[in-house]
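# Examination of the molecular architecture
Now for the letters of each chain:
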Amino acid sequence: MLDIKRIREKTDEVREGLRRRGADLALLDAVLELDRQRRALLGSAEEMKNRRNATSKEIGAARKRGEDTAAIQAEIRTLGDRITALDEQIRGVEAELHKAVLCIPNVPCATIPTGSDASANRVARVEGQSREFAFQPKDHVALAEKLGILDLPRAARMSGSGFPLLVGAGAKLQRALIQYMLDLHTTCHGYTELLPPFVVNSDAMCGTGQLPKMAEDMYHCEKDDLWLIPTAEVPVTNYFREEIIDRPLPIFLTAYTPCFRREAGSAGKETRGILRVHQFDKVEMVKFVAPETSYAELEKLVGNAEDVLQGLGLHYRILELCSGDISFAAAKCYDIELWAPGQQGWLEVSSCSNFEDFQARRANIRYRDAEGKTRFVHTLNGSGVALPRLMIALLENYQQADGSVILPPALAPYMGGIDRLVPK
RNA sequence: GGAGGGAUGGCUGAGUGGUUGAAAGCAUCGGUCUUGAAAACCGACAUGCCGAAAGGCAUCGGGGGUUCGAAUCCCUCUCCCUCCGCCA
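Residues numbered from 1 in each chain as written. Chains lettered and ligands numbered in written order. Predicted model: local features only at pLDDT ≥ 70, side-chain atom pairs only at ≥ 80, totals over all residues. Heavy atoms only, no water.

Pairing between the strands of a sheet is mediated by backbone hydrogen bonds and can be parallel or antiparallel. A sheet is described by the order of its strands in space; here 8 strands give the open sequence 1-9-10-11-14-8-7-2, paired in mixed fashion. This sheet does not close on itself; its edge strands, each paired only once, are strand 1 (122-127) and strand 2 (192-194). Across the sheet, the mean angle separating the axes of adjacent strands is 25 degrees when strand polarity is ignored. As paired elements, strand 10 (residues 332-340) and strand 11 (residues 345-354) share 9 bridges and run antiparallel to each other. If you follow Ala-340 over to strand 11, its bridge partner there is Gly-345. Sheet strands touched by helix 7 (residues 169-187): strand 2, strand 7 (251-260), strand 8 (279-289) and strand 14 (378-386). Its angle to strand 8, the strand with the most contacts, is close to 5 degrees. (Pairing = 2+ DSSP bridges. Helix = DSSP H or I, 4+ residues; strand = E, 2+ residues; numbered from the N terminus. Axes fitted to C-alpha atoms, helices over the stretch in contact; angles between N-to-C directions. Contact = heavy atoms within 4.5 Å.)

This is how it looks when you write it as structure tokens:
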């Protein structure tokens, strides 16, 4: 959520930022108008309330002296009625204003590339090298089938398409990867591990910015008005919702959770295998930091995600997303993509964003600065990393001519002696 | 699911209709004293909104109501605690 004062006082700057994003500028004008209305109404209401409060005090004093106050009470009662009416009007305007402000996306960081879609994203770096194959590499669907580690037909029968079902060594590998990543972040990167609820209420969803705009992309339990989380970002960031954080910043939290996404409208090649699914596992990193440090922390966050991939010996690249491609709440965002030889393409496995105070304002997460003044924290998060595509990259990169897959040594401690997946 | 009890400022905790935005204590900050520290003493110390400012308005878990006036009375919701039931 943008600061209404910033919208009011630095309107041009905000307008320009939203224009770079391709956002709806009419909404901004509506907000400005509602803000004007609100302040005008508030002025007269407060004046009336001031009179009522003063008169009430006088009534109290007069009563103590034993005087009759019936006449003045009747008069002030009509004032009360006018206040009630005006308050109702103000509430209406404020509700509309709040609703509109919640729909305005974050202003992008000035330094990111300008562009309307993914084609304007900038390749910041490419790390590692693609492997040379002496044979035609298979894609993950073919590999997984031979290995017997993925059973999509049975999953579809019980849940519909887009719900993966891992079997045997596949399930074990997934569990090993989760543990490898969590251990890396908690022991080497300074994160504290959470295992949060996988279902949250609407306030939490609003706090991180999924609501109100993304309602259609998420699973909703209507009877309880609860939502299945689309990412651990939601419960982990909301850990401090409505709090003034009383421990030193920065705070780093990490969590493994499944993620649930309806992703209406996706189809075709993108949905083959486990490339794009309604349920997937992910390890997420979340940071709560002082505003001055958030951009330096973003760089470190990307480094933390890269360590996961380097530890597995994978080839990846880093994209700096352009103004039109960053998510609703983000001011700046890096995507990390893994090379997948079977797909002959790059797969997004991580998205690392700085939200500045956008989420902190929505979720009301504050801290006390050196002067003891309460300020909004800056929040960041990054995938560290998402599992299905990591699994795809591992299978496709480390496949052998005979269809077996050699596992990277980093996973040895977690695989109970299995260092290679072998066709059945 | 049933019965009861709670929710007050960073924390503990008083307060059942009229200068109570809120006693007291703790914590924190500043000062006095001290070679220094502690102790003691003195003082400061909630947040949001409107306003150029003076100042004003709002807030005692959330929402609604009664009243000239609500932390205090009524309704409702949420959460927490205790007991009973059920249960992996």
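With that settled, the discussion passes to the confidence of the model for chain A. Across chain A, the average pLDDT comes to 93, with 98% of residues at 70 or higher. Among the scores for the predicted complex, ipTM is 0.84 and pTM is 0.92. (pLDDT = per-residue confidence, 0-100.)

What follows deals with the protein's contact with RNA strand B. By nearness alone, 20 residues border RNA strand B, and Arg-8, Arg-38, Arg-39, Asn-50 and Arg-77 come closest of all. Backbone atoms, meaning sugar and phosphate, form 70% of the atoms of RNA strand B found within 4 Å of the protein. Separating a base nitrogen of RNA strand B from a side-chain N or O atom of Glu-46 is a distance of 3.1 Å. A distance of 2.7 Å separates a phosphate oxygen of RNA strand B from a polar atom in the side chain of Asn-50. Listing elements by their share of the surface near RNA strand B, those giving two or more residues are helix 1 (4-9), helix 3 (25-64) and helix 4 (70-102). Here the element with the most residues in the surface near RNA strand B is helix 3; it accounts for 12 residues. (Near = heavy atom within 4 Å. Polar contact = N/O pair within 3.5 Å; in protein donor to acceptor, adjacent residues only side chain to side chain.)

Moving on: the sheet that holds strand 12 (residues 365-368). Across the sheet, 3 strands lie side by side as 6-12-13; this open sheet has mixed pairing. Since the sheet does not close on itself, it has two edges, and those belong to strand 6 (243-245) and strand 13 (374-376), each with one partner. Across the sheet, the mean angle from the axis of one strand to that of its neighbour is 40 degrees, orientation sign disregarded. When strand 12 meets strand 13, the two strands line up antiparallel, connected through 3 bridges.

Turning our eyes to something else, we now look at the nonpolar core. Core analysis: the biggest nonpolar cluster contains 55 residues, and Leu-177, Met-181, Leu-309 and Leu-390 have the highest contact counts within it. Aside from chain neighbours lying at most four places away, what touches Leu-309 is Leu-314, Tyr-316, Ile-336, Leu-338, Val-349, Val-385 and Leu-390. Core analysis: the next-biggest nonpolar cluster, separate from the first, contains 44 residues, Ile-76, Ile-83, Ile-112 and Leu-319 among them. (Core = buried A, V, L, I, M, F, W, Y, C linked by side-chain atoms within 4.5 Å. Buried < 20%, exposed > 50% of the residue type's maximum accessible area, 1.4 Å probe, protein only.)

Take the environment of Ile-418 next. The topology assignment puts Ile-418 in the loop between strand 15 (405-406) and strand 16 (420-421). Look at Ile-418 and you get partly exposed, because its relative accessible area is 29%. With 362 residues separating them in the primary sequence, Ile-418 and Ser-56 have C-alpha atoms 80 Å apart.

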